[in-house]
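Below are the chains, spelled out letter by letter.
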Number of protein chains: 2
Amino acid sequence: MSTGVNLKELAAELKLAPSTVSRALNDSYEISEATKKKVVFMAEKLNYQPNPFARSLRENKSKTIAVIMPERMSSFFAKVVDGIEEVTQQHGYHLLVYSTHEDVEREKKIVSLLMNGRADAIVMSVSSQTSDISHLAKLHERGFPLIFFDRICSEIPTTKFITNDYESSYEGTKHLIQQGCRKIAFLMLSKELSITKERYRGYLDALQAAGLSPTPSLQVTCAHDEEKNIEAIRAMLTSEDRPDGLFSSVEKLALATYHAVKRTDIKIPQDLKIISFFSNLSIAGLLTPSLTTITQPTFEIGEECAKLLMKKLTKPRQPDLPNQVISIPSKIIIRSSTIAV
Amino acid sequence: MSTGVNLKELAAELKLAPSTVSRALNDSYEISEATKKKVVFMAEKLNYQPNPFARSLRENKSKTIAVIMPERMSSFFAKVVDGIEEVTQQHGYHLLVYSTHEDVEREKKIVSLLMNGRADAIVMSVSSQTSDISHLAKLHERGFPLIFFDRICSEIPTTKFITNDYESSYEGTKHLIQQGCRKIAFLMLSKELSITKERYRGYLDALQAAGLSPTPSLQVTCAHDEEKNIEAIRAMLTSEDRPDGLFSSVEKLALATYHAVKRTDIKIPQDLKIISFFSNLSIAGLLTPSLTTITQPTFEIGEECAKLLMKKLTKPRQPDLPNQVISIPSKIIIRSSTIAV
DNA sequence: TTGTAGGCGTTATCAA
DNA sequence: TTGATAACGCCTACAA
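Residues numbered from 1 in each chain as written. Chains lettered and ligands numbered in written order. Predicted model: local features only at pLDDT ≥ 70, side-chain atom pairs only at ≥ 80, totals over all residues. Heavy atoms only, no water.

Taking an unreviewed UniProt entry as the reference, chain A is identified by name as Transcriptional regulator, LacI family belonging to Algoriphagus boritolerans DSM 17298 = JCM 18970.

**Overview of the sheet that holds strand β6 (residues 184-188) of chain A**
All names here are of chain A. The strand order across the open sheet formed by six strands is β7-β6-β8-β9-β10-β12, and the pairing between neighbours is mixed. In this open sheet, the two strands that pair with only one neighbour each are β7 (219-221) and β12 (331-333). Neighbouring strand axes in the sheet, compared pairwise and without regard to direction, differ in orientation by 15° on average. Helix α8 (residues 165-178) contacts β6, β8 (245-248), β9 (273-278), β10 (292-295) and β12 of the sheet and is inclined by roughly 165° relative to β9. (Pairing = 2+ DSSP bridges. Helix = DSSP H or I, 4+ residues; strand = E, 2+ residues; numbered from the N terminus. Axes fitted to C-alpha atoms, helices over the stretch in contact; angles between N-to-C directions. Contact = heavy atoms within 4.5 Å.)

**Details of the pattern of salt bridges**
Residues and elements named next belong to chain A. Taken as a whole and judged by the stated rule, the model has 36 salt bridges over all chains. Salt-bridge contacts for Lys-108 lead to Asp-132; the nearest nitrogen and oxygen are separated by 3.4 Å. Of the two residues, Lys-108 sits in helix α6 (residues 104-113) while Asp-132 sits in the loop between β3 (121-124) and α7 (134-141), which places them 24 residues apart along the sequence. Taking the relative accessible area as the measure of exposure, Lys-108 reaches 26% and is therefore partly exposed. Asp-132 sits in the partly exposed class, given a relative accessible area of 37%. (Salt bridge = Lys/Arg side-chain N within 4 Å of Asp/Glu carboxyl O. Buried < 20%, exposed > 50% of the residue type's maximum accessible area, 1.4 Å probe, protein only.)

**Focus: the nonpolar core**
Within the largest apolar cluster, 106 residues are counted, with the highest numbers of intra-cluster contacts made by Ile-122, Phe-148 and Leu-237 of chain A together with Leu-114, Ile-122, Phe-148 and Leu-237 of chain B. When near neighbours in sequence (up to four residues on either side) are disregarded, Leu-114 of chain B contacts Ala-66, Ile-68, Leu-96, Tyr-98, Ala-119, Ile-122 and Phe-144 of chain B. Leu-313 of chain A together with Val-67, Val-87 and Cys-305 of chain B belong to the second-largest nonpolar core, a separate cluster that totals 52 residues. (Core = buried A, V, L, I, M, F, W, Y, C linked by side-chain atoms within 4.5 Å.)

**Details of helix α4 (residues 52-59) of chain A**
Among the residues of α4 of chain A, Pro-52, Phe-53 and Ser-56 of chain A are the ones counted as buried. One face of α4 of chain A carries all of its buried residues, which in axial projection span an arc of 95°. The secondary structure elements touched by the buried residues of α4 of chain A are α4 (52-59) of chain B. Sitting at the head of α4 of chain A, Asn-51 of chain A places a side-chain oxygen 2.7 Å from the backbone nitrogen of Phe-53 of chain A. Where α4 of chain A ends, the next residue or the one after it, Asn-60 of chain A, has phi of about 55°, a positive value. (Arc of directions from axis to C-beta. Polar contact = N/O pair within 3.5 Å; in protein donor to acceptor, adjacent residues only side chain to side chain.)

**A short note on the UniProt feature "domain: HTH lacI-type" (unreviewed entry) in chain A**
The sites that carry the UniProt feature "domain: HTH lacI-type" (unreviewed entry) are, in the present numbering, residues 5-59 of chain A. Summarising residues 5-59 of chain A: 67% helix, 0% strand, and an end-to-end C-alpha distance of 21 Å. (UniProt positions renumbered as here; feature names shortened; annotations may be inferred.)

**Observations regarding the packing of α6 of chain A against α7 of chain A**
All names here are of chain A. At their nearest, the axes of α6 and α7 sit 9 Å apart, and the two run at 20° to each other. When the interaxial angle is binned, α6 and α7 end up roughly parallel. Crossing hand, α6 versus α7: left-handed. Within the contact between the two elements, α6 uses Val-104, Glu-107, Lys-108 and Val-111 and α7 uses His-135, Leu-136 and Leu-139. Of the residues belonging to the contact of α6 with α7, the class tally is four nonpolar, one polar and two charged. (Parallel < 35°, antiparallel > 145°, perpendicular 65-115°, else oblique. Left-handed = near helix turned anticlockwise from the far one by under 90°. Nonpolar A, V, L, I, M, F, W, Y, C, P; charged D, E, K, R; others polar.)

**A few points about empty space enclosed by the protein**
Within this structure, the stated rule accounts for five cavities of 30 Å³ or more. Estimated volume of the largest cavity: approximately 120 Å³. For the largest cavity, the lining is made up of 14 residues, of which Phe-53 and Thr-64 of chain A together with Phe-53, Thr-64 and Arg-118 of chain B are closest to its centre. Elements represented by at least two residues in the lining of the largest cavity include exactly α4 of chain A together with α4 of chain B. Classifying every residue of the lining of the largest cavity gives six nonpolar, six polar and two charged. (1 Å grid on protein atoms, 1.4 Å probe; cavity = no way out; pocket = protein on both sides within 12 Å on 5 of 7 lines; lining within 4 Å. Points joined across faces, edges and corners; volume = space filled by probe spheres on them.)

**A few points about the side chain of Thr-159 of chain A**
Residues and elements named next belong to chain A. Structurally, Thr-159 is set in the loop between β4 (146-149) and β5 (160-163). Separated by 2.5 Å, the side chain of Thr-159 and the backbone oxygen of Pro-322 make a polar contact. Those residues within four positions of Thr-159 in sequence are excluded, and the remaining contacts are Leu-146, Ile-147, Phe-148, Leu-308, Leu-321, Pro-322, Gln-324 and Ile-326.

**A few points about the sheet that holds strand β8 (residues 245-248) of chain B**
Residues and elements named next belong to chain B. Reading across from one edge, β7-β6-β8-β9-β10-β12 is the order of the six strands in this open sheet, with mixed pairing throughout. Both outer strands of the open sheet, β7 (219-221) and β12 (331-333), are each paired with one neighbouring strand and no more. Adjacent strand axes in the sheet meet at a mean angle of 15°, parallel and antiparallel pairs treated alike. Pairing between strand β6 (residues 184-188) and β7: three bridges, direction parallel.

**Structural notes on the protein's contact with DNA strand D**
The environment of DNA strand D is made up of 25 residues, and the closest members are Thr-20, Arg-23 and Thr-35 of chain A together with Leu-7 and Arg-58 of chain B. Within 4 Å of the protein, the contacting atoms of DNA strand D are drawn from sugar and phosphate to the extent of 65%. Thr-35 of chain A is positioned with one of its side-chain polar atoms (N or O) 2.6 Å from a phosphate oxygen of DNA strand D. Interatomic distance of 3.0 Å between a side-chain N/O atom of Ser-22 of chain B and a phosphate oxygen of DNA strand D. Elements supplying a minimum of two residues to the surface near DNA strand D: α2 (18-25) and α4 of chain A together with α2 (18-25) and α4 of chain B. Ranked by residues supplied to the surface near DNA strand D, first place goes to α4 of chain B with four residues. (Near = heavy atom within 4 Å.)

See below:
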């Protein structure tokens, strides 16, 4: 399906050797300006496009980055990918994008499919089911460039980009307490997730600093089924031990909470104050009442992942990606869901 | 960065010729069962992964599909891509995903980057700026498999998947009229877009059938800047000629309308009834009041695009993609924003 | 049933 | 400054 001419044909047209034409197109110092001009002109005229596979085979690199994320329909992940694309596109890289649908088996399959060199690096956020990380460890051990963002694997010694999960959660919880909350629920995805652990830690420490202690029945672990999540949250909100505040560690659970509240006669913020990690700002403002958010630097996280990768991949003899966690701060935006009444 | 062994090394380990090993792995009838077993066993043991570029170079196909869409942060496009991925993954295809950000120049650049065979086909929805379609026409003329969905190019003789834009808009407008609306606004993106044209036609015909005529000042063409859109809508909603109903032809403009309404003292549905093409069902139910939607078969559109493509690409000597428009119906889901009061 | 050889389109090495 | 040649890893005639 390659449509234009190839190097050999272009060379024949120019009555030059393929190697000469190749060098001319790659702006080699060995080639005279006159020849370069002729070659470039003819290449444009015949619409010559180098075959990417021949090049990849030869150079052993694909100019392609793989992005693996747990779901596509999420403003957070969509914006991160936008950030990645913004940077990689400038360097002529392409993006293979995969969704695991929070399924670790799919994650493993995708990773194994990428071990053959189809991509030069992987940028990923692990599924909520991922506790066995052998597939990722193997990848890294073999020297495959791997970067984590948001939902990271601390055990794997590579670079990870996150937001300041602990501090933001601490501040967010503190905000709820300042607004008068005493019994604060915590909503999370799998406890295995790095973001769950850090955000939970921030929440617990803020409670403790205020002399409060967490109520076990108000710590709700959610799963992938939205309806079940809504029901579990509704049950919790209407239980004996009902909360007066709620901290949601991810966007989708804040939405589930609004759905759950709709099924009760609970009033936000009078009866229940809500704060959540959230990146869809337009929606946050439209919810009723508008939602106080911990707004993540989504686009920037994507950009930073990509910048680091581009540095590593486009310059010769770069060292391995350093084992470090880089944190980009979130911003708390106070809206109506946490107003004291 | 290719990590495992290659065919030659695998063959050496087995004391067989590379060609024999290749055939064994491809389950050729010429190879004895015993040899096949040995080869497959050793391949797994040494974690042999065929080099995709060598294969692509040889077979002149990439096992990769490119998806080009106007924006990533859209439930509609995200779900379509999920649908595409669901099908293509089963056939061992990978997805290169690009966002044009509604910018036709970016669209052209991406398309030109894909003319070299990096992808075996393109599935796309054009940008709202796309009126000159020469870049797409060229692609198709060269025999490159190209499928459109949603925002299509009728001029290009290939297969397009859409929802029943005209009928749904007709029915949606009729619904507003039945609920008592007499002055119905219409919100659209660029008038160049196929979906704008069809949806507008359905709207106009429904008005006419009811003996109503469109008010020019209530036909609002929006752009990419959300804040400007909100202001334009607000101005229209509070003008002399203010509407009592509103038809939004795309999801983002319904959200902009809710934002605009928040800046006025207009009450939905009392003063203004709203219906919109919309695919984020969870959000539609959370808006206040909940939004009556024309719910598109997003996932299915993606699946159908991919099924057709897989048929064309995985079977030998398939004909060109037929010049036809395949329509998959939307469903109108009535919620509170159009309740008669 | 298995082995040998050539070529897919590039780029790099070596020679002229 | 340019040209000939080999090699990247795979698959497939053709030969044995």
